Amino acid sequence: MAVMKVIEILANSEKSWEDATKKAIKQASKSVKNIKSAFVQSQSVVVNNDEVAEFRVNLKVTFEVK
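Reading the values: rules and limits
- Residues numbered from 1 in each chain as written.
- Predicted model: local features only at pLDDT ≥ 70, side-chain atom pairs only at ≥ 80, totals over all residues.
- Heavy atoms only, no water.
- Pairing = 2+ DSSP bridges.
- Helix = DSSP H or I, 4+ residues; strand = E, 2+ residues; numbered from the N terminus.
- Buried < 20%, exposed > 50% of the residue type's maximum accessible area, 1.4 Å probe, protein only.
- Contact = heavy atoms within 4.5 Å.

As annotated in an unreviewed UniProt entry, the protein chain carries the name Dodecin and is attributed to Tenacibaculum platacis.

Printed below as a string of structure tokens:
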């Protein structure tokens, strides 16, 4: 039986939500092993001078505990 754990991660990108998500998984994988999935819980943006300056994601990342 596999035991799974879920952690919450926040990440940002100047490019896109997709890029923020990829950055979050890449960074998390440096210390968290056996990542199985990620659920984008929410997305938001920072607006400066009427333009989107930053994309933000809040992820729930699931990994297997061995």
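(A) Region of interest: the pairing of strand β3 (residues 51–65). Both strand β1 (residues 3–13) and β3 contribute to a ladder of 11 bridges, which runs antiparallel. Bridge assignment links leucine 10 to a residue of β3, and that residue is asparagine 58. Pairing of strand β2 (residues 35–48) with β3, which is carried by 12 bridges, proceeds in the antiparallel orientation. The partner of isoleucine 35 across the bridge, within β3, is phenylalanine 63.

(B) The arrangement of the environment of valine 57 in detail. With respect to the helices, strands and loops of the structure, valine 57 is situated in strand β3. Judged by its relative accessible area of 3%, valine 57 falls in the buried class. Sequence separation of valine 57 and asparagine 12 is 45 residues, and the distance between their C-alpha atoms is 6.4 Å. When neighbours within four sequence positions are excluded, valine 57 is seen to be in contact with Ile9, Leu10, Ala11, Trp17, Ala20, Thr21, Val40, Ser42 and Gln43.

(C) Spatial organisation of the environment of alanine 53. Along the chain, alanine 53 turns up in strand β3. Of the residues examined, alanine 53 reaches a relative accessible area of 29% and is grouped as partly exposed. Residues alanine 53 and lysine 15 lie 38 residues apart in sequence; the distance between their C-alpha atoms is 8.7 Å. Those residues in contact with alanine 53 that sit more than four places away from it in its chain are Glu14, Val46, Val47 and Asn48.

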